[in-house]
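Coordinate analysis (summary)
This is what each chain is made of:
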Amino acid sequence: MKHVFTFLVALLVAAAAQAQGVLKFEQELHDFGNVPEGTMATHEFRFKNVGNQPVIIANVQASCGCTTPDWTKTPVLPGKTGIVKAVYSSAGRPGIFNKTVTVTSNATTPSTVLTIKGNVLNKEQVKATLTPAQLAQSARLTLDRTTHDFGKMEAGQSPVARFTVKNTGKQELVLGAITSQCYCVGYKNVPSPIKPGQSAVIELVYSQRKIGAQAEPVVITSNDVTGDAKLTLKATVVQDLNAGSMVKESGASVPFK
């Protein structure tokens, strides 16, 4: 009887050990091939839970800040599917890339490494691969103006400049990353793709802390193969805009009136 009891306990322990979720990815490597610089290369790795218990993904960690991961946050029941999405920002990163995304979960294999790779082409390289007909069909980015002057602003404030972008091309215009030397300019909201012939207002947030007259060159990347959009944000940045504060003008301290 004792041996039978021990055998039953062993069976229960073995069954408990086998009761676990199992992640099975359709693929663990994705090759984007050639990627135009300025675009956000996005791929969804799909998986299925082929185990007998729910799987919960605890974390997804990219090997660099240029890759932004997302994933199915809810428990994935046995037989159900989920995704791990990897988004690679190609702006300012021409050349070959090979990045990994590590998926951590409560599955039988607690850690899975996914890989994305490709080759980022700059605008000139992209143009060289296109026929005249393809160039004529591409998206075109046109700005309503190339400068914006905030006037006098206080250091630490984040005023917003609004520009109208029109797509004068024949394909959907996709705006990419914003680059600036001060790393102080960004989108207030991520802009949506703009259809051919349509216009949209983009809002740029300027968070300059450097005191004095500023003129910040800004580059907006996109899938317009003819080049990136360039504009300048200007401002006179002061320490304090309060009415009773003292500011230096012409070398002398003068109160606001």
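The structure we're discussing is the one just above.
Here we summarise the structure given alongside this text. Each residue is numbered by its place in its chain's sequence as written, counting from 1. pLDDT decides what is reported in this predicted model: residues at 70 or higher carry local features, side-chain atom pairs at 80 or more are listed and counted, and totals for whole chains, interfaces and linings draw on all residues regardless. Only heavy atoms go into the side-chain values, all of them from the structure, while hydrogens and water stay out.

1. Some thoughts on the nonpolar core
As a reminder, the rule being used: Think of a nonpolar core as a cluster: buried Ala, Val, Leu, Ile, Met, Phe, Trp, Tyr and Cys residues, connected wherever their side-chain atoms sit within 4.5 Å. Relative accessible area decides the class of each residue, using a 1.4 Å probe on protein chains only: under 20% of the type maximum gives buried, over 50% gives exposed, and in between gives partly exposed. Helix and strand assignments come from DSSP, with helices taken as H or I runs of at least 4 residues and strands as E runs of at least 2, each series counted from the N terminus. By the convention used here, residues are in contact when the closest approach between their heavy atoms is within 4.5 Å.
Among the nonpolar cores identified, the biggest contains 25 residues, and Phe163, Val185, Leu204, Tyr206, Ile220, Leu231 and Leu233 are the most heavily contacted of them. Listed by contribution, the elements that provide at least two residues to this core are β9 (141–143), β10 (147–154), β11 (160–167), β12 (175–180), β14 (199–206), β15 (212–222) and β16 (229–238). Other than its neighbours up to four places away in sequence, Leu233 contacts His148, Phe150, Ala161, Phe163, Val185, Tyr206, Gln214, Ala215, Glu216 and Val218. In this structure, Leu23, Phe25, Ala86 and Leu114 belong to the second largest nonpolar core, which totals 24 residues.

2. Notes on the pattern of salt bridges
This is how the line gets drawn: A pair is scored as a salt bridge if a Lys or Arg side-chain nitrogen falls within 4 Å of a carboxyl oxygen belonging to Asp or Glu.
Under the criterion given, the structure shown has seven salt bridges. For Arg140, the salt bridge is made with Asp224, and the minimal N-O distance between the two is 3.9 Å. In this pair, Arg140 sits in the loop between α3 (132–136) and β9 while Asp224 sits in the loop between β15 and β16, placing the two residues 84 residues apart along the sequence. By relative accessible area, Arg140 is classed as partly exposed at 22%. Overall, the relative accessible area of 2% leaves Asp224 in the buried class. One salt bridge in this structure joins Arg145 and Asp144, with 3.2 Å as the shortest N-O distance. Residue Arg145 is classed as partly exposed on the basis of its relative accessible area of 27%.

3. Here we look at the sheet that holds β16
What counts is decided by this rule: Two strands are said to pair when DSSP picks up at least two bridges between them. Convention adopted: a line fitted to C-alpha atoms gives each axis, helices being fitted over their contacting stretch, and angles between N-to-C directions are expressed from 0 to 180 degrees.
The four strands lie next to each other as β10-β16-β15-β12, forming an open sheet whose pairing is mixed. Pairing within the sheet leaves two strands with one partner each, and these edge strands are β10 and β12. Strand-to-strand twist in this sheet, taken as the mean axis angle between neighbours without regard to direction, amounts to 25°. Pairing between β15 and β16: nine bridges, direction antiparallel. Each bridged residue has a counterpart across the sheet, and for Gly212 the counterpart in β16 is Val237.

4. Focus: the sheet that holds strand β6 (residues 81–89)
The sheet built from four strands is open, its strands ordered β1-β3-β6-β5 with antiparallel pairing. Each of the sheet's edge strands pairs with one partner strand only, and the pair in question is β1 (23–25) and β5 (67–71). The mean angle between the axes of side-by-side strands here comes to 25°, regardless of whether they run parallel or antiparallel. With nine bridges joining them, strand β3 (residues 40–49) and β6 adopt antiparallel strand pairing. Considered in β6, the bridge of Met40 is made with Ser89.

5. Here we look at the packing of aromatic side chains
Stated precisely, the cut-off is as follows: Only centres within 6.5 Å qualify two rings of Phe, Tyr or Trp (six-membered ring in Trp) as a pair; their planes then separate them into stacked at under 30 degrees, edge-to-face at over 60, and tilted for everything else.
Within this structure, the stated rule accounts for four aromatic pairs. Plain terms: the ring middles of Phe150 and Tyr206 are 5.4 Å apart, the flat faces sit at 5° to each other, and that makes the pair stacked. Separated by 56 residues along the polypeptide, Phe150 in strand β10 and Tyr206 in strand β14 bring together distant segments of the chain. The same class applies to Phe150 and to Tyr206, which are both buried. Members of the aromatic cluster, each reached through a chain of ring pairs, are Phe32, Tyr88 and Phe97.

6. Remarks on the side chain of His30
Among the secondary structure elements, His30 is positioned in strand β2 (residues 29–36). Taking the relative accessible area as the measure of exposure, His30 reaches 19% and is therefore buried. In this structure, His30 is in contact with His43, Phe45, Thr115, Ile116 and Lys117, ignoring residues within four places of it in sequence.

Purely geometric stuff here, so don't read any function into it on its own.
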